[in-house]
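Remarks on the overall topology
Okay, here's what each chain looks like letter by letter:
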Amino acid sequence: MTSWREFRAALALGLATSLAVTPARALVTLNDGHDKIFVNGSMSVSRDSNVFANSDNRGDYVYSTSLSAEYTRRAGWIGVNANAAVSSSRFGTIEGQDFNNPSFGLEFTKQSGRTTGSLTFSAARESRADASVNVRSSSWNIPVGLNFKYPIAGTYTLAGSLGYSSRRYLDETVFASLTSISASLDVFHILTSERDMLVGYRYRHNETSRDTSSADHAFSLGINGKLIRGVSGSLRVGYQVRIPRTVLGEQPAIKSWTIS
């Protein structure tokens, strides 16, 4: 006999499909249009055919809601983007998998003047099915980044980035948390009005909660802008060296060619 929960899920799914309601949206404008606040809300009902991403193929209806607020400021040299949100999901019949995931973000941008770039901070809690271990995982993801661009002199421009990211699992007995630190530097040289040549270097250090780590050194050379007639973009060829380290010490280096 069909349970009340399954009947309710089917009914809610039918109503959601028939109504096709678009997310609510509100806007407040302040300071002569320089400051804006957006508020978004949504509700949805979906069917997940394999909640745990394993061979049991156990499915369920998922009721989801989200509420977010965004703030933007465009005045002076520095622009500001900020956001905060919370998403919630409730499972129809499977117990112990309901979640509330908050997220936060802050970005400062500078698009004018000699030096341009952005500084970003964010944090988000994520719940998802992980097919590698056939269970659902919950983690906190915290990326921080700095990007900048600075014209050195004449036809040369310097661009670089600094980054930090952390994926911290709530259950570290099954999952390995990962922390990464990276830095990159590119030098652009104007060849023509439509094409730049670039030379770059990137360093990245990864460290896990299982006492393993790696250090990456990547060197690249490429073209940015017009590649061939009618095609524009970025073509980069490089050479990468990765040095892994385990509890037994430093391991043999892994070397490879890359193209993007």
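Report on the accompanying structure. Bear in mind the structure is a predicted one, so any value in this text is a computation, not a measurement. (Residues numbered from 1 in each chain as written. Predicted model: local features only at pLDDT ≥ 70, side-chain atom pairs only at ≥ 80, totals over all residues. Heavy atoms only, no water.)

The secondary structure content of the protein amounts to one helix and 14 strands. Of all 260 residues assigned to the protein, the portion counted as buried reaches 27%. Residue pairs in contact within the protein that sit at least 24 positions apart in sequence constitute 43% of those at least 6 positions apart. Working note: accessible area of the protein is about 16300 Å², and carbon and sulfur atoms make up 60% of it. (Helix = DSSP H or I, 4+ residues; strand = E, 2+ residues; numbered from the N terminus. Buried < 20%, exposed > 50% of the residue type's maximum accessible area, 1.4 Å probe, protein only. Contact = heavy atoms within 4.5 Å. Areas by Shrake-Rupley, 256 points an atom, 1.4 Å probe, with all protein chains shown as cover.)

Looking now at the packing of aromatic side chains. Taken as a whole and judged by the stated rule, the model has three aromatic pairs. Judged by centre distance (5.1 Å) and plane angle (40 degrees), the ring pair of tyrosine 201 and phenylalanine 219 falls under tilted. Of the two residues, tyrosine 201 is situated in strand S10 (residues 195-208) and phenylalanine 219 in strand S11 (residues 213-228); the sequence distance between them amounts to 18 residues. Just above the ring of tyrosine 61 sits the side chain of arginine 47; from NZ or CZ to the centre is 4.9 Å. Above the ring of phenylalanine 188, the side-chain terminus of lysine 149 is found at 5.5 Å from the ring centroid. (Phe/Tyr/Trp six-rings, centres within 6.5 Å; stacked < 30°, edge-to-face > 60°. Lys NZ or Arg CZ within 6 Å of the ring centre and 35° of its normal.)

The volume enclosed by the second largest pocket comes to roughly 180 Å³. If you trace the second largest pocket, you find 13 residues lining it, with Tyr201, Arg202, Ala218, Ser220 and Arg236 closest to the centre. Looking at the lining of the second largest pocket, the elements that each hand over two or more residues are strand S9 (178-192), S10, S11 and strand S12 (231-246). A per-element tally of the lining of the second largest pocket places S12 first, with four residues. Here the residues of the lining of the second largest pocket are counted per class, giving four nonpolar, six polar and three charged. (1 Å grid on protein atoms, 1.4 Å probe; cavity = no way out; pocket = protein on both sides within 12 Å on 5 of 7 lines; lining within 4 Å. Points joined across faces, edges and corners; volume = space filled by probe spheres on them. Nonpolar A, V, L, I, M, F, W, Y, C, P; charged D, E, K, R; others polar.)

A contiguous nonpolar patch, built from Trp77, Ile78, Leu106, Phe108 and Phe121 and spanning about 470 Å² of accessible area, is present on the exposed surface. Position of phenylalanine 121 relative to the elements: it lies in strand S6 (residues 116-130). By relative accessible area, which is 36% here, phenylalanine 121 ends up partly exposed. (Patch = residues over 30% accessible without salt bridge, like charges linked within 9 Å, V, L, I, M, F, W, Y side chains within 5 Å. Salt bridge = Lys/Arg side-chain N within 4 Å of Asp/Glu carboxyl O.)

Here we take up unusual backbone geometry. For aspartate 211, which is not glycine, the phi torsion reads 60 degrees and is therefore positive. Mapped onto the elements of the fold, aspartate 211 is located in the loop between S10 and S11.

With 14 bridges connecting them, strand S2 (residues 35-48) and strand S3 (residues 60-74) associate as antiparallel partners. Each bridged residue has a counterpart across the sheet, and for methionine 43 the counterpart in S3 is threonine 65. (Pairing = 2+ DSSP bridges.)

This brings us to the nonpolar core. Val51, Phe52, Val62, Phe91, Ile94 and Phe99 together form the largest nonpolar core, which totals six residues. Not counting chain neighbours up to four residues away, the residues in contact with valine 51 comprise Arg58, Gly59, Asp60, Phe91, Ile94, Ala129 and Arg136. (Core = buried A, V, L, I, M, F, W, Y, C linked by side-chain atoms within 4.5 Å.)

Our next topic: the side chain of serine 89. Locating serine 89 in the fold gives a position in strand S4 (residues 78-91). Engagement of the side chain of serine 89 in a polar contact is seen with the side chain of serine 64, the distance being 2.9 Å. Apart from residues lying up to four places away in sequence, serine 89 is in contact with Val62, Tyr63, Ser64, Asp98 and Phe99. (Polar contact = N/O pair within 3.5 Å; in protein donor to acceptor, adjacent residues only side chain to side chain.)

Below, the discussion takes up the pattern of salt bridges. Any two side chains of opposite charge can pair, so long as their charged atoms come close to each other. Counted under the stated rule, the structure contains ten salt bridges. The partner of arginine 168 in a salt bridge is glutamate 172, with the nearest N and O atoms 3.2 Å apart. According to the relative accessible area criterion, arginine 168 is partly exposed, its value standing at 38%.

On to the pairing of strand S5 (residues 99-110), then. Note: S4 against S5, twelve bridges, orientation antiparallel. Opposite serine 87, over in S5, you have asparagine 101 as the bridge partner. In this sheet, S6 lies alongside S5 in antiparallel orientation, the contact comprising eight bridges. Residue pairing in the sheet places serine 103 in a bridge with alanine 124 of S6. Connecting S5 to the next strand, S6, in antiparallel fashion are five residues, including glycine 113 with a positive phi near 95 degrees.

Quick look at the environment of alanine 85 now. With respect to the helices and strands, the residue alanine 85 is situated in strand S4. If we ignore the near neighbours within four places in the chain, the residues touching alanine 85 are Leu67, Ser68, Asn101, Pro102 and Ser103.

With respect to the helices and strands, lysine 255 occurs in strand S14 (residues 254-259). For the pair formed by lysine 255 and arginine 242, sequence separation is 13 residues and the distance between their alpha carbons is 6.4 Å. Contacts of lysine 255, omitting those with residues within four sequence positions, involve Tyr239, Gln240 and Val241.

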